[in-house]
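Results of the structural survey
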Amino acid sequence: MAISCTCTIILMLVPLVFVGITTNAGTHKLSPLDQEANAMLSISKELWSNQHNNVSNRCNWPRVNCNKAGSITLLSPPTPSNFTDEFRTQLCFLKLNFSVFQNLVHLDLSEMGLCEFPKLSGLKKLQHLNLSYNTFAGEVPFTLLENLTQLVVLDISNNYISGTIPQELSKLERLVMLDLSANRFLGSIPLIFGQMSNLTHMNLSNNQHFGDEVPFTLPNLTQFLVLDLSQNKHNGFIPHEIGKLTNLLTLDLSSNSLSGPIPEQIGYLKRLTSFHLHSNLLSGFIPHEIGKLTNLLTLDLSSNFLSGPIPEQIGCDPFGSAQHRIQQDRWLYPQRNRAFVASRSFKSLL
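Given the structure is predicted, the values throughout are model-derived calculations rather than measurements.

Evaluated as defined, the whole model comprises three aromatic pairs. Here phenylalanine 117 and phenylalanine 136 contribute two aromatic rings whose centre-to-centre distance is 4.4 Å and whose plane-to-plane angle is 15 degrees, an arrangement assigned as stacked. Here phenylalanine 117 is found in the loop between strand S3 (106-108) and strand S4 (128-130), whereas its partner phenylalanine 136 is found in the loop between S4 and strand S5 (137-138), with 19 residues between them in sequence. Judged by relative accessible area, phenylalanine 117 falls into the buried class, the value being 17%.

The structure is reproduced here in structure tokens:
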């Protein structure tokens, strides 16, 4: 009787344990770290070929950083050294999905020869994104920027991206640095940049056609430190509102079709250290207000139709707290202007 009872209990327990194992196996999900490991395994063949069989040690791979828990926070694959045609094609159509890297803060995929935009949805901690020097073409997909609310630096320069600048950029409220240069963007520079209160560095140079006037009337341009709008086919006069950009350190409006005089309000930009206006259609006398730019280290007014002397005070502090003489190699002289007369301070450096 006892034996029969024991057998009955065993027969009842075994199916229960079996069901439990089956249920756990069927519903088991990989941990976040295991998901990252699998993702690194899938991309390592192309991006970290010499580490392909060493995924468990991924936090020690070159240009990979992890937090204390072992979750990846920085990915910056080394630039491939063997760019054969076959490998270039393989990279071009590589479909990369970084959505599992939930703690990723810094992602640098520059100079990889990529053609397909990576999937970045859900990277709510991402602050630095560099996709420059690839072969991305067409318009920027909305999903690329979706939920990247912590982004501080965005660089997608030197690609073949076309269309208008995406309005979704306005949702990146923490963005400080934006580089869209050397692409094929069209249309006007959008008003959304006036809504981005943290944006201080912007490079929109060398695009297909921003043929309207330079947009110095946008509200928050007054906080800009670096602004590059060169090589964009801007036309018309330089507006007087340029004088409101009092925090600017670098301003480049070169290689456009700007005409008319340099406005005297330029003298309000007293923090300016680098100023480029070369290769335009500017005319008239060089305003003496440029002499108020005592922090100026680089000035290029060449290839215009300007005349008159360079103010003697330029690039030096009249109260003696800065250098009174500017070294010749720190200047780009305003050559190729009509009836240009160099000032005495410039002649002393020739």
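After that view, the rundown keeps rolling.
Relative to the elements of secondary structure, glutamate 36 occurs in helix H2 (residues 32-47). The contact partners of glutamate 36, leaving out residues within four places of it in the chain, are Arg58, Gly70, Ser71, Ile72, Val100, Phe101 and Gln102.

As defined by bridge partners, strand S14 (residues 257-260) adjoins strand S16 (residues 281-285) across two bridges and the pair is classed as parallel. Of the residues in S16, the one forming a bridge with serine 259 is leucine 281. Pairing analysis gives three bridges linking S16 to strand S18 (residues 305-307), with the strands arranged parallel. Its bridge partner being in S18, glycine 284 is matched across the sheet by leucine 306.

Turning our eyes to something else, we now look at H2. In this model H2 runs 21 Å from its N-terminal to its C-terminal C-alpha over 16 residues, within 8% of the 22 Å that 1.5 Å per residue would give. The set of residues buried in H2 consists of Glu36, Ala37, Ala39, Met40, Ile43, Ser44, Glu46 and Leu47.

The rules we used
Residues numbered from 1 in each chain as written. Predicted model: local features only at pLDDT ≥ 70, side-chain atom pairs only at ≥ 80, totals over all residues. Heavy atoms only, no water. Phe/Tyr/Trp six-rings, centres within 6.5 Å; stacked < 30°, edge-to-face > 60°. Helix = DSSP H or I, 4+ residues; strand = E, 2+ residues; numbered from the N terminus. Buried < 20%, exposed > 50% of the residue type's maximum accessible area, 1.4 Å probe, protein only. Contact = heavy atoms within 4.5 Å. Pairing = 2+ DSSP bridges. Expected span 1.5 Å × (residues − 1).

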